[in-house]
Amino acid sequence: MAPRRPAMTAAARSTGDPGLTLLLWELHQTARVAARHVERAVEAAGISTPEFGVLACVNDEPGITRADIARQLHLRPQALTVTVDKLQRRGLIEGTASGRGRPSRLTVTDAGRAALDGAWPAIVALNAPGNLGMTDQDAQALAIRLARLRRLLSEREADPS
């Protein structure tokens, strides 16, 4: 007979059960709330969250390819194409073909840099440890742990054995 799974009551689902740690579930729920805050912050600058991510990658690495952006943002290349195409149509990024069969290299335009600059102060304020009820040290420790967990889960995705 299989061991009995603890019941997931409404309290456990929403606020946590002290006897049961569902860390990835808690992280998932927290990510949803955090995403809404980030969305509001970047939308005030006239861009979406995916557009902010792409603009930040291209700004940080001029000449980056779509494939490299997809890897950095943990997106499927197909999903990224819609965002990149939209940013190009709006004149926020430009693509330079590297030759036949080679990926295009992306760069941020002045308008793209202005959009990124418009969103940046809100993103920085949103991430300020004091605004998150943490000390600088707590925030840094959490960021390190979350990055480690993201790498671990990404590795497991790539090699599920």
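Residues numbered from 1 in each chain as written. Predicted model: local features only at pLDDT ≥ 70, side-chain atom pairs only at ≥ 80, totals over all residues. Heavy atoms only, no water.

### Notes on the nonpolar core
So the rule is basically this: For this analysis, a nonpolar core means a set of buried residues of the types Ala, Val, Leu, Ile, Met, Phe, Trp, Tyr and Cys, connected via side-chain atoms within 4.5 Å. Each residue's exposure class comes from its accessible area (1.4 Å probe, protein chains only) as a fraction of the maximum for that residue type: buried when under 20%, exposed when over 50%, partly exposed otherwise. In this description a helix means any DSSP run of H or I spanning at least four residues, a strand means any run of E spanning at least two, and both kinds are numbered starting from the N terminus. Residue contacts are defined here by distance: any two heavy atoms, one from each residue, within 4.5 Å place the two residues in contact.
The biggest cluster of nonpolar side chains holds 23 residues, and the ones touching the most others in it are I47, F52, V54, L55, V58, I69 and I93. When residues of this core are traced back to their parent elements, those giving at least two are helix 2 (23-43), helix 3 (49-60), helix 4 (66-73), helix 5 (77-89), strand 2 (105-108) and helix 6 (110-127). In terms of residue count, the dominant contributor to this core is helix 3 (six residues). Non-local contacts of I69, meaning those with residues more than four positions away in its chain, are made with V54, C57, V58, I64, L80 and L106.

### Details of the environment of V42
Residue position: V42 is located in helix 2. Between the alpha carbons of V42 and G118 there is a distance of 8.1 Å; along the sequence they are 76 residues apart. The contact partners of V42, leaving out residues within four places of it in the chain, are I47, S48, T49, F52, A119 and I123.

### Some points on the side chain of E51
To be explicit about the condition: Between N or O atoms, a polar contact is any pair within 3.5 Å; within protein, one atom must be a potential hydrogen donor and the other a potential acceptor, and residues adjacent in sequence are included only when both atoms are from side chains.
The topology assignment puts E51 in helix 3. Exposure remark for E51: the relative accessible area of 3% places this residue in the buried category. Side-chain polar atoms of E51 contact the side chain of R90, separated by 3.1 Å. Those residues in contact with E51 that lie beyond four places of it in its chain are G46, T83, K86, L87 and R90.

### Looking at the pairing of strand 2
Which entries qualify depends on this criterion: Two strands qualify as a pair provided that DSSP identifies no fewer than 2 bridges between them.
The side-chain alternation of strand 2 yields one buried face, formed by L106 and V108, and one unburied face, formed by R105 and T107. Relative to strand 2, strand 1 (residues 93-96) runs antiparallel, the two sharing four bridges. Among the inter-strand pairings, E94 is bridged to a residue of strand 2, identified as T107.

### Re a nonpolar patch on the surface
Let me state the cut-off plainly: Residues enter a patch when their relative accessible area is above 30% and they make no salt bridge; the linking distance is 9 Å between like charges and 5 Å between nonpolar side chains (Val, Leu, Ile, Met, Phe, Trp, Tyr). Each accessible area is a Shrake-Rupley estimate made with a 1.4 Å probe; only the visible protein chains count as cover when residues are assessed. By convention in these notes, a salt bridge is any Lys or Arg side-chain nitrogen within 4 Å of a carboxyl oxygen on Asp or Glu.
On the surface, a cluster of nonpolar side chains totalling about 360 Å² of accessible area is made up of L24, L27, L142, L146 and L153. Broken down by secondary-structure element, the contributors of at least two residues to the nonpolar patch are helix 2 and helix 7 (136-158). Take the nonpolar patch: its biggest share by element is three residues, from helix 7.

### Details of the packing of helix 4 against helix 5
The condition is simple: The angle between two axes is taken between their N-to-C directions and runs from 0 to 180 degrees, where each axis is a line fitted to C-alpha atoms and a helix contributes only its stretch in contact. Each crossing gets its hand from how the near helix is turned against the far one by less than a right angle, where anticlockwise is left-handed and clockwise is right-handed. Gly is put with the polar residues, along with every residue not named as nonpolar or charged; the nonpolar set is Ala, Val, Leu, Ile, Met, Phe, Trp, Tyr, Cys and Pro, and the charged set is Asp, Glu, Lys and Arg.
The N-to-C vectors of helix 4 and helix 5 enclose an angle of 115 degrees; their axes lie 10 Å apart at closest approach. When the axes of helix 4 and helix 5 are compared, the crossing they make is right-handed. Listed contacts from helix 5 to R66, I69 and A70 of helix 4 are P77, L80, T81, V84, D85 and Q88. Looking at side-chain class alone, the contact of helix 4 with helix 5 contains five nonpolar, two polar and two charged residues.

### Quick look at the packing of helix 3 against helix 6
Helix-helix packing: each pair is described by the crossing angle between the helix axes and the interaxial distance. Note the following rule: Oblique is the label for any angle not under 35 degrees, not over 145, and not in the 65 to 115 range, which are roughly parallel, roughly antiparallel and roughly perpendicular in turn.
Put simply, helix 3 and helix 6 touch, their axes get as near as 10 Å, and they point 110 degrees apart. Overall, the two elements helix 3 and helix 6 adopt an arrangement that is roughly perpendicular. Where helix 3 crosses over helix 6, the handedness of that crossing is left-handed. On the side of helix 3, the interface is formed by F52, L55, A56 and N59, while helix 6 contributes G112, R113, A115, L116, A119, W120 and I123. Broken down by class, the residue content of the contact of helix 3 with helix 6 amounts to eight nonpolar, two polar and one charged.

### Section: the environment of F52
With respect to the helices, strands and loops of the structure, F52 is situated in helix 3. Beyond its immediate sequence surroundings of up to four residues, F52 is in contact with V42, I47, L116, A119, W120 and I123.

### Quick word on the pattern of salt bridges
As enumerated under the stated definition, the model contains five salt bridges in all. With a shortest N-O distance of 3.6 Å, K86 and E51 are connected by a salt bridge. You can see K86 sitting in helix 5 and its partner E51 sitting in helix 3, a full 35 residues away along the chain. Residue K86 is classed as partly exposed on the basis of its relative accessible area, which comes to 39%. Its salt-bridge partner being D68, residue R71 comes within 2.5 Å of it at the nearest N-O pair. Of the two residues, R71 and D68 both sit in helix 4, three residues apart, roughly one turn of that helix. By relative accessible area, R71 is classed as exposed at 56%. For D68, a relative accessible area of 26% translates into the label partly exposed. Here the salt bridges do not stand alone but share partners, grouping E51, K86 and R90 into one network.

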